[in-house]
Amino acid sequence: MAEPAKEPIKASEIDSQFKYEISKMHGGEKLLRCFQCGTCTSDCPVARFSETYRPRKIIRMAQLGLKERVLNSDTLWLCAACFTCTDRCPQDVEVASVIRVLRNLAAEKGIVPLVFKEQASSILESGYAYRIPELRLKKREALGLPPLPKGNPENICKSLRGVSFLKFTEEKG
Ligand code: SF4
Ligand code: SF4
């Protein structure tokens, strides 16, 4: 996935309906209220440590209809969903929710960073968000610690079937 290009915007890449598409989705309703004050970016704990992650910019790209750029942006996945931006926005834009909406749209197109795909398959296989290294388990045993509680992937799979998640992952591989 490419970083949003710093190339000039071409009229042909603008999807004028995109902002309305987002505005109809839960959490995206107030997208058009953003007047680009930058409060979300200045208060974002992730933006503080990143040279590229700027929630204000993501919101602007969505408003402008730069659908492909924003959905293919790696930075979309850096949001920690802390909701600071949403709490601080003077226009009541639900910034964190707009980012979730954009991620969902990207995921529907199969655009998901490998690290999250691996995390999802680990949850489906073991119930844990990441694969616990064998060495760690042996170390626990050597230290006399009890085994880790077993995950419940079967129930997780049942829940995810209810929201069509498994169908999606099976289709997208
Ligand atoms: S804080 Fe709100 S109004 Fe200001 S740039 Fe961010 S989303 Fe837009
Ligand atoms: S929810 Fe995401 S964009 Fe908003 S402040 Fe937290 S990390 Fe930044």
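A brief structural summary. Every value quoted in this text rests on a predicted model; they were computed, and no experiment measured them.

Cut-offs and rules
Residues numbered from 1 in each chain as written. Chains lettered and ligands numbered in written order. Predicted model: local features only at pLDDT ≥ 70, side-chain atom pairs only at ≥ 80, totals over all residues. Heavy atoms only, no water. Near = heavy atom within 4 Å. Helix = DSSP H or I, 4+ residues; strand = E, 2+ residues; numbered from the N terminus. Nonpolar A, V, L, I, M, F, W, Y, C, P; charged D, E, K, R; others polar. Core = buried A, V, L, I, M, F, W, Y, C linked by side-chain atoms within 4.5 Å. Buried < 20%, exposed > 50% of the residue type's maximum accessible area, 1.4 Å probe, protein only. Contact = heavy atoms within 4.5 Å. 1 Å grid on protein atoms, 1.4 Å probe; cavity = no way out; pocket = protein on both sides within 12 Å on 5 of 7 lines; lining within 4 Å. Points joined across faces, edges and corners; volume = space filled by probe spheres on them. Phe/Tyr/Trp six-rings, centres within 6.5 Å; stacked < 30°, edge-to-face > 60°.

## Focus on the site of ligand 2
Moving on, step 1. Around ligand 2 lies a shell of 14 residues, among which C44, Y53, C79, C82 and C85 are the nearest.
Moving on, step 2. Of all elements in the fold, only α5 (84-88) and α6 (95-108) reach the threshold of two or more residues within the shell around ligand 2.
Moving on, step 3. Tallied by class, residues from the shell around ligand 2 come to 13 nonpolar, one polar and no charged.

## With respect to the nonpolar core
Moving on, step 1. Ranked by internal contacts, the top residues of the largest apolar core, which has 33 residues, are F18, I22, Y53, L71 and L102.
Moving on, step 2. Those elements giving two or more residues to this core turn out to be α1 (18-23), α3 (55-64), α4 (67-71) and α6.
Moving on, step 3. Top contributing element to this core by residue count: α6, with nine residues.
Moving on, step 4. Apart from the residues lying within four places of it in its own chain, the contact partners of Y53 are C44, V46, A47, I58, T75, L78, C79 and I99.

## What to know about empty space enclosed by the protein
Moving on, step 1. Counted by the stated rule, this structure contains three cavities of 30 Å³ or more.
Moving on, step 2. Approximately 80 Å³ is the volume attributed to the largest cavity.
Moving on, step 3. Forming the boundary of the largest cavity are C44, P45, V46, Y53, P55, C79, A80, A81, C82, F83, C85 and I99.
Moving on, step 4. Here the second largest cavity defines a volume of roughly 70 Å³.
Moving on, step 5. What lines the second largest cavity is simply C34, F35, Q36, C37, G38, C40, I59, C89, Q91, V93 and V95.
Moving on, step 6. For the lining of the second largest cavity, the class distribution of residues is eight nonpolar, three polar and no charged.

## Observations regarding the environment of L66
Moving on, step 1. Turning to its location among the elements, L66 is positioned in the loop between α3 and α4.
Moving on, step 2. Its relative accessible area of 3% is what places L66 among the buried residues.
Moving on, step 3. Separated by 52 residues in sequence, L66 and I14 have C-alpha atoms that sit 5.3 Å apart.
Moving on, step 4. The residues contacting L66, other than those within four sequence positions of it, are I9, E13, I14 and M61.

## A short note on the layout of surface pockets
Over the atoms rolls a probe the size of a water molecule, and its path tells where empty space is left.
Moving on, step 1. By volume, the second largest pocket amounts to about 350 Å³.
Moving on, step 2. Lining the second largest pocket are 19 residues; nearest its centre among them are Y128, I132, L137, L148 and K150.
Moving on, step 3. Ranked by residues supplied to the lining of the second largest pocket, first place goes to helix α8 (residues 134-142) with four residues.
Moving on, step 4. Looking at the lining of the second largest pocket residue by residue, the class counts come to 10 nonpolar, three polar and six charged.

## Here's the deal with the side chain of S97
Moving on, step 1. Among the secondary structure elements, S97 is positioned in helix α6.
Moving on, step 2. Apart from the residues within four sequence positions on either side, S97 is in contact with G27 and F83.

## Focus on the packing of aromatic side chains
Moving on, step 1. What the rule picks out here adds up to one aromatic pair.
Moving on, step 2. Their ring planes at 35° and their centres at 5.6 Å tell us that W77 and F116 sit as a pair that is tilted. Of this pair, W77 sits in the loop between α4 and α5 while F116 sits in helix α7 (residues 114-126); the two residues are 39 residues apart in sequence, bridging distant segments of the chain.

## What about the side chain of S122?
Moving on, step 1. Tracing the backbone shows S122 in helix α7.
Moving on, step 2. For S122, a relative accessible area of 1% translates into the label buried.
Moving on, step 3. Filtering out sequence-adjacent residues up to four positions away, S122 remains in contact with G127, Y128, A129, Y130 and R131.

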